[in-house]
Amino acid sequence: MSHTRVQDLLSAIRAKLGNEARRQIAEAVQVEPRAVDYWFQQGDTVHLREGNLKALVRFARSIDVDPRQFEVAPPLWRRDLSFEDQLRYDPGPYPESLGFQSHHVAALGRALDSYFGTSAGPIAVSPQQMYYLAKTGVAFVTTKTFLPYARRPNPPPHILQFQGEAPTGVAGSGDQRCVVLDDPGSDFRPTRGVGVNLGCPSPEPAVWIENVAEAKRLLAADPETENVLLIVSVAGFAGERSMGRSQIMDGYEEAVRLASTEADSDAIEVNVSCPLVADHLTDLDFLTEIAKRARKAAGDRQLILKVGPWPNIEEVVRRVGPCVNSISAINSVYATGVRLDHESEHKGAWVYGATGLAGAPILRTGLEICSRIAALRQRAPELRHLTLIGIGGVSRPQDVALYEKTGVDLVAGQSAFIEDSHFGIRVRRFLDQRLAVEVKTASKRREMASYHWAIALEREQQEVHPSNHRRLITIAASVLADYLEEVGRVDRVANAKKISGTLTIDEFRQRIVHRFKASGGT
């Protein structure tokens with residue numbers, strides 16, 4: 001109870017009740033109205049006694065304001081924990097009975113409850129983290145990227161705050177972005193931009209396999225999460241220079257085999273774009289061979305290839321697309337990270353390792369790459385089978401809608417969950433509200449369409465011989481049924497292709513006439 005955002009709860013009650021809020025809150029909590037005035041004036045610093053807060057929460061429920069949306073969620077990833085402790089971390093307590101709508105999204109061999117989930121990262125290492133994420137209403141949870149061998153994390157710090165692009169004269173190597181990073185401050189918000197340098201740590205395979213198995217048991221035992229898809233992300237190496245091509249390919253094949261046969265994963269993501277490995281996998285023939293061997297090791301499991309913001313992305317997808325079921329894009333962006341001292345002299349941000357830039361600074365790049373891949377899929381019949389997952393810079397629920405407009409099928413986020421463990425709840429509410437509007441709009445469109453159709457049929461009956469009326473009516477009915485089916489998809493799929501406007505009387509007549517003539521009518 002003490003972890004409730006009181007000011008936000010008060011604001012929601014005031015929005016609901018208007019001028020009556022002050023009096024009704026005072027009566028419900030049994031305090032003087034001037035006490036309520038004081039609470040409103042205190043802003044984010046307001047603090048209520050436990051008894052008053054409980055009474056306020058009860059009152060909120062009585063007027064249909066859900067207080068659970070104002071609970072401060074426990075962090076999903078804690079910087080103060082070692083990687084070993086993170087493997088056993090339980091972020092509880094878990095969200096309960098949020099009552100979301102099902103959007104019935106057909107993707108990755110499943111009927112998913114929505115088209116939003118999580119991308120690979122440190123928020124999904126322990127079984128309890130994975131289960132917690134599922135309870136927030138996401139349709140799929142992607143684990144952190146695991147390796148076929150144990151690897152320790154890089155020395156700290158592992159995450160730094162993005163300050164901006166580096167000033168003129170401070171350049172990265174090649175075409176890399178160069179960004180200024182610093183220690184997270186009191187106002188740290190990962191969605192504004194972070195530099196990450198974890199080093200792709202991974203426990204022994206037996207440990208992550210057991211964690212995946214336990215997560216699957218937790219999901220299956222809860223009716224609210226039994227339909228959530230758990231995607232296991234793997235890589236064959238983490239940029240070790242001592243590994244040759246043969247070892248790298250063997251590593252990817254073994255990692256996929258472990259995820260498929262040992263962890264019994266329904267879907268496997270193959271990470272070939274982590275900043276640690278991207279420089280090693282630029283050869284298209286090599287990358288294609290990795291995809292082919294991963295396909296063989298995955299068997300009939302859904303196989304996802306995670307690609308980066310590469311200039312030749314169309315060529316990459318053309319080569320690897322036939323080997324996989326899905327493409328996810330993008331990974332964190334490889335960048336040179338620097339710190340600036342008090343004299344604006346720059347120095348490397350890390351002891352060693354690469355910077356993965358994430359959060360809002362990569363949103364535009366992610367949208368651009370996804371648009372290009374979606375356009376390629378539309379042009380290339382051999383790639384139409386691909387499920388596209390948009391990733392990168394999702395910081396607000398509205399960003400999910402931006403990715404949808406690029407043509408992707410699913411959308412995933414990571415840094416937003418580091419900032420707010422309940423980000424999935426916010427997105428799902430956003431999608432549910434949008435679906436409700438779309439369903440209402442579709443209902444009006446169906447009503448208007450039926451009216452236009454009836455007039456179109458009546459006019460067309462005047463143009464044909466009475467002996468053809470019965471056949472004309474049957475054909476016209478099929479035209480209306482097909483159109484209503486097209487409109488009705490928004491009742492079932494949140495990101496269905498939208499229909500612009502309702503067919504006019506003349507447009508219905510054209511469809512009826514075309515189908516009537518095609519059947520041999522005159």
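Keep in mind that this is a model prediction, so the values were computed, not measured.

1. What to know about the overall build of the protein
Alright, step 1. Scanning the protein from terminus to terminus reveals 16 helices and 16 strands.
Alright, step 2. Overall size of the protein, expressed as C-alpha extent along the three principal axes, is 85 × 75 × 50 Å.
Alright, step 3. Taking all contacts inside the protein whose residues are at least 6 apart in sequence as the whole, residues at least 24 apart take part in 74%.
Alright, step 4. The average position of the 63 basic charges and that of the 64 acidic charges among the side chains of the protein differ by 4 Å.

2. Comments concerning the environment of Ile123
Alright, step 1. Positionally, Ile123 belongs in the loop between strand S3 (116–118) and helix H6 (127–135).
Alright, step 2. Note on Ile123: relative accessible area 0%, which makes it buried.
Alright, step 3. The residues contacting Ile123, other than those within four sequence positions of it, are Leu76, Trp77, Thr118, Gln129, Leu133, Gln414, Phe417 and Ile418.

3. Some thoughts on the side chain of Ser260
Alright, step 1. For Ser260, the location among the structural elements is in helix H8 (residues 245–262).
Alright, step 2. When near neighbours in sequence (up to four residues on either side) are disregarded, Ser260 contacts Ser265, Ile268, Ala297, Ala298 and Arg301.

4. Quick word on the side chain of Ser273
Alright, step 1. Counting through the fold element by element, Ser273 comes out in the loop between strand S9 (267–271) and helix H9 (284–298).
Alright, step 2. Polar contacts involving the side chain of Ser273 include one to the main-chain carbonyl oxygen of Lys306, which spans 2.9 Å.
Alright, step 3. Once residues lying within four places of it in the same chain are set aside, the contact partners of Ser273 are Ala278, Lys306, Val307, Gly308, Trp310 and Asn331.

5. Remarks on the packing of helix H1 (residues 6–17) against helix H2 (residues 21–29)
Alright, step 1. Where H1 contacts H2, the two axes come as close as 9 Å, and the packing angle between them is 120°. For the element pair H1 / H2, the angle class is oblique. Together, Leu10, Ile13, Arg14 and Leu17 of H1 and Ala21, Gln24 and Ile25 of H2 make up the contact between the two elements.
Alright, step 2. When its residues are assigned to classes, the contact of H1 with H2 shows 5 nonpolar, 1 polar and 1 charged.

6. Concerning the state of the cysteines
Alright, step 1. Summed over all chains, the structure comprises 0 disulfides.
Alright, step 2. Of all cysteine sulfurs, the one in Cys274 lies closest to Cys370, which takes part in no disulfide; the gap is 18 Å.
Alright, step 3. Take Cys370: its relative accessible area is 2%, and that puts it in the buried class.

The rules behind each value
All residue numbers here refer to positions counted from 1 along the written sequence of the relevant chain. At least 70 in pLDDT is required for a residue's local features to be given in this predicted model, at least 80 for side-chain atom pairs to be given and counted, and no such filter applies to totals for whole chains, interfaces and linings, which use all residues. Think of the side-chain values as coming from all heavy atoms in the structure, minus any hydrogens and water. The helix and strand labels rest on DSSP assignments: H or I over at least four residues marks a helix, E over at least two residues marks a strand, and numbering proceeds from the N terminus. Any two residues whose heavy atoms approach within 4.5 Å are treated as being in contact. In this tally Asp and Glu are treated as negative and Lys and Arg as positive; neither His nor the chain ends contributes. Every charge is mapped onto a representative atom, which is NZ of Lys, CZ of Arg, CG of Asp or CD of Glu. Exposure categories follow from relative accessible area, calculated using a 1.4 Å probe and restricted to protein chains: below 20% of the type maximum is buried, above 50% is exposed, and the middle band is partly exposed. In the analysis that follows, any N or O atom pair within 3.5 Å is treated as a polar contact, provided that within protein one partner can donate a hydrogen and the other can accept it, and provided that, for residues neighboring in sequence, both atoms belong to side chains. Axis angles are defined between N-to-C directions and span 0 to 180 degrees, where every axis is a line fitted to C-alpha atoms and, for a helix, only to the segment in contact. By the definition adopted for this analysis, an angle is roughly parallel if under 35 degrees, roughly antiparallel if over 145, roughly perpendicular if from 65 to 115, and oblique otherwise. The nonpolar class holds Ala, Val, Leu, Ile, Met, Phe, Trp, Tyr, Cys and Pro. Asp, Glu, Lys and Arg form the charged class, and all remaining residues, Gly among them, are polar. Any pair of cysteine sulfurs within 2.5 Å is marked as a disulfide.

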